[in-house]
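Commentary on secondary and tertiary structure
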Amino acid sequence: MTTPALLPLSGRRIPTLSPGASSFPHHRATLRLSEKFILLLILSAFITLCFGAFFFLPDNSKHKRFDLGLEDVLIPHIDSPKEGKHASGQVIIHGQGAHDEHRHREEEESLRDKIRADHERALQEAKEKLRKSREELQAEIQTEKNKVMEDLKKKDPGPKPLPPVPMPRVVGVSDGEPPEPDVKEKRDKIREMMKHAWDSYRQYGWGHNELKPLAKKGHSTNIFGNSQLGATIVDALDTLYIMGLHEEFKDGQEWIEQNLDFSVNAEVSVFEVNIRFIGGLLATYYLSGQEVFKLKAVQLAEKLLPAFNTPTGIPWAMVNLKSGVGRNWGWASAGSSILAEFGTLHMEFVHLTYLTGSPAYYQKVMHIRKLLAKMDRPNGLYPNYLNPRTGRWGQHHTSVGGLGDSFYEYLLKAWLMSDKTDTEARKTYDDAIEAIERHLVRKSNGGLTFIGEWKNGHLERKMGHLACFAGGMFALGADGSPDDKAGHYLQLGAEIAHTCHESYDRTVLKLGPEAFKFDSGLEAVAVRQNEKYYILRPEVIETYWYMWRFTHDPKYRQWGWEAAQAIDKYCRVSGGFSGVKDVYSSSPTYDDVQQSFFLAETLKYLYLLFSSDDLLPLESWVFNTEAHPLPVLHLGNITLPGSEPAQ
């Protein structure tokens, strides 16, 4: 005797005979059809009955009447003029029972008819569904989904309007034309390079995060997740505005208004999205006054806040914009967060609190500062890794280049952005720089000042391109230095600028490598093949600009022009600008990436280098680490929400 087996059919599991039962094969199709019909009938009846019971059965108040309408409902004896004894010695309510029983029967019959009609209708609908193709069913489901979404949109009042706040004093947002004709000519060339980079992206990579200028198509990296967030558009807009490229700016603004959506299932870098997107949107808002940029910045900022949900309040490196789930990079010292990432939020988050009135942003970054202030620091140095679960340092690696750089920058800039009232930030910066100068700053045998990296008690005599920003930082922080050391730090900035220029000058292409060493007779030269590339980085040119602003020494414009010419000669291709893989090769290969920071930083700093000082004056603007200018907050007696009033 064969036993029934369960086999899948159209998403359901139904009993049918096993393959061995061959004695009545001609019954199988009939059996399946009848079973399917019976099952459908039972299922429809059950669903309809539940539906009817939920919506059509009388409510509690009717239930009380319903109970009295049963055949001579028996109740305990209660003395009342309208009560009489039943033969059983119990009493009934005279007159009401028969009337209520009749009404109940009518209600019951009506309910039965309604359930029967609903059952017939549900059965008919089920039959019609079975006749439809899969495509028709999917189309119906999508229509229902769209209807639900439209209903939700109608009910959703949208984001709360932001409170009105006084606009910070905004000066020097355009023009800046230099009086010297030759300088103006150089500035116009930088503007043309920007237009070529933007037009190429507009033509080949529009809406993508970045551009592959040789392949002439869009490009993205894991820092932006799997989404097309238009990183180049957001990063480049303030540069377009400053350069007076109004049509290009308008195109970018329209894309942001219509397409920039952060409700995507994408895992992004909190640090990169903060400095490029929030920084870029806030800067463009302050420059242009267009509200859309402020609103988009706030929408994105709200999506980043779940990254701070860790045992210590030190944020995860990455967060999913949709789910809010965070995690750290797998390669970062046993799941640690990175100093330059969680330490590079202060400028943007202070402005977010100022613009929204929400204390959350300010409190998050101040919590990080307070936590770091309580921790022991080996030799006064901040290690690059901190575990967000335990609150303990990871491996003892300190760098003013990658992994550490912008943490120190933001301490200084927090003080500057507060109109020099955040003295705690200034003191923290001064202490950190003192330890860096004692342990990391060295002079090579050839007389070049460099900043090495501290690894487990040992100084590695190597400097990264990223660390070249420090020349500008030392110059920017010179005024206000303790013990009248302003001249010392301006000189230190000049020495770093000179060393980084040498790293460019000692290559074939006159473009600097990613990292360069100072030992074995080699100075300011890359040794490893994987450190010989140039990816359109801005840090050296950034330092030239700061040094120009503070000294007006013409060599900084000369060095900047050398770099601009080299970029135009060796990195320019028909589809934009590309990084190169070996700056020591006369015929280098391209990496085929036009980085968004090339438009945000490199070209902006070059343009400012050949502009007059009244374009974005440093007394009124502080640049975030992606070169997005944010205004100094002259708060006066205003206290930021969530902050403690100054004593």
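So, how was this worked out
- For every chain, the first residue of the written sequence is number 1, and numbering continues from 1 along that sequence.
- Per-residue local features of the predicted model are confined to residues with pLDDT of at least 70, and side-chain atom pairs are confined, for both listing and counting, to 80 or more; whole-chain, interface and lining totals are unaffected and use all residues.
- Think of the side-chain values as coming from all heavy atoms in the structure, minus any hydrogens and water.
- UniProt positions are given in the numbering used here, feature names are shortened, and annotations may be inferred rather than shown by experiment.
- In this text, helices come from DSSP runs of H or I with a minimum length of four residues, and strands from runs of E with a minimum of two, each type numbered from the N-terminal end.
- Contacts: residue pairs with any heavy atoms within 4.5 Å of one another.
- Using a 1.4 Å probe on the protein chains alone, a residue whose accessible area is under 20% of its type maximum counts as buried, one over 50% counts as exposed, and one in between counts as partly exposed.
- Any two cysteine sulfur atoms lying within 2.5 Å of each other are counted as a disulfide.
- One fewer than the residue count of a helix, multiplied by 1.5 Å, yields its expected span.
- Here, any two strands with at least 2 DSSP bridges between them count as paired.
- Axis definition: a line fitted to C-alpha atoms, over the contacting stretch in the case of helices. Angles run 0 to 180 degrees between N-to-C directions.
- By convention the crossing between two helices is left-handed if the near helix lies anticlockwise of the far one by an angle smaller than a right angle, and right-handed if it lies clockwise.
- In this classification, the charged set is Asp, Glu, Lys and Arg, the nonpolar set is Ala, Val, Leu, Ile, Met, Phe, Trp, Tyr, Cys and Pro, and all remaining amino acids, among them Gly, are polar.

An unreviewed UniProt entry annotates the chain as alpha-1,2-Mannosidase originating from Betta splendens. Per UniProt, the comment on the chain under Cofactor (unreviewed entry) is "Ca(2+)". Quoted verbatim from the Function (unreviewed entry) field of the UniProt record, the comment on the chain reads "Involved in the maturation of Asn-linked oligosaccharides. Progressively trim alpha-1,2-linked mannose residues from Man(9)GlcNAc(2) to produce Man(5)GlcNAc(2)."

On to the UniProt feature "active site" (unreviewed entry) in the chain, then. UniProt annotation of "active site" (unreviewed entry) refers to Glu272, Asp405, Glu514 and Glu539 when read in the numbering used here. With respect to the helices and strands, glutamate 272 occurs in helix H8 (residues 270–288). With near-sequence residues (within four places) excluded, glutamate 272 lies in contact with Ile223 and Phe277. Positionally, aspartate 405 belongs in helix H13 (residues 405–417). The class for aspartate 405 is buried, based on a relative accessible area of 13%. If we ignore the near neighbours within four places in the chain, the residues touching aspartate 405 are Ala340, Ser399, Val400, Leu466 and Phe469.

Moving on, we come to the state of the cysteines. For the structure shown, the criterion picks out 1 disulfide. Here cysteine 468 pairs with cysteine 500 through a disulfide, and the sulfurs are 2.0 Å apart. Across the disulfide from cysteine 468 to cysteine 500, rotation about the S-S bond amounts to roughly -95°, and the bridge is consequently left-handed. Of the two residues, cysteine 468 sits in the loop between strand S17 (462–464) and helix H15 (470–476) while cysteine 500 sits in helix H16 (residues 486–505), which places them 32 residues apart along the sequence. We note that cysteine 468, like cysteine 500, is buried.

Take helix H17 (residues 539–551) next. Helix length check: H17, at 13 residues, gives a terminal C-alpha distance of 18 Å against a target of 18 Å (1.5 Å per residue), a fit within 8%. In terms of burial, H17 is a largely internal element, 11 of the 13 residues being buried. Residues of H17 that are buried include every one of Glu539, Val540, Ile541, Glu542, Thr543, Tyr544, Trp545, Tyr546, Met547, Trp548 and Arg549, and no others. Summarising the contacts, the buried residues of H17 are in contact with H13, H15, H16, helix H18 (554–570), helix H19 (596–609) and strand S22 (621–623).

Moving on: the sheet that holds strand S9 (residues 326–327). Taken in spatial order, the 3 strands of this open sheet run S7-S8-S9, and their pairing is antiparallel. Here the strands that pair on one side only, and so sit at the sheet edges, are strand S7 (267–269) and S9. Note: strand S8 (residues 318–320) against S9, 2 bridges, orientation antiparallel. Looking at S9, one finds that methionine 318 is bridged to arginine 327.

In this section: the packing of helix H11 (residues 346–356) against helix H12 (residues 360–374). Relative to each other, H11 and H12 sit at 150°, their axes nearing to 7 Å. Where H11 crosses over H12, the two elements pack in a sense that is left-handed. Of the residues in H12, those touching H11 at His346, Phe349, Val350, Leu352, Thr353 and Thr356 are Tyr361, Tyr362, Val365, Met366 and Arg369. In terms of residue class, the contact of H11 with H12 is made up of 7 nonpolar, 3 polar and 1 charged.

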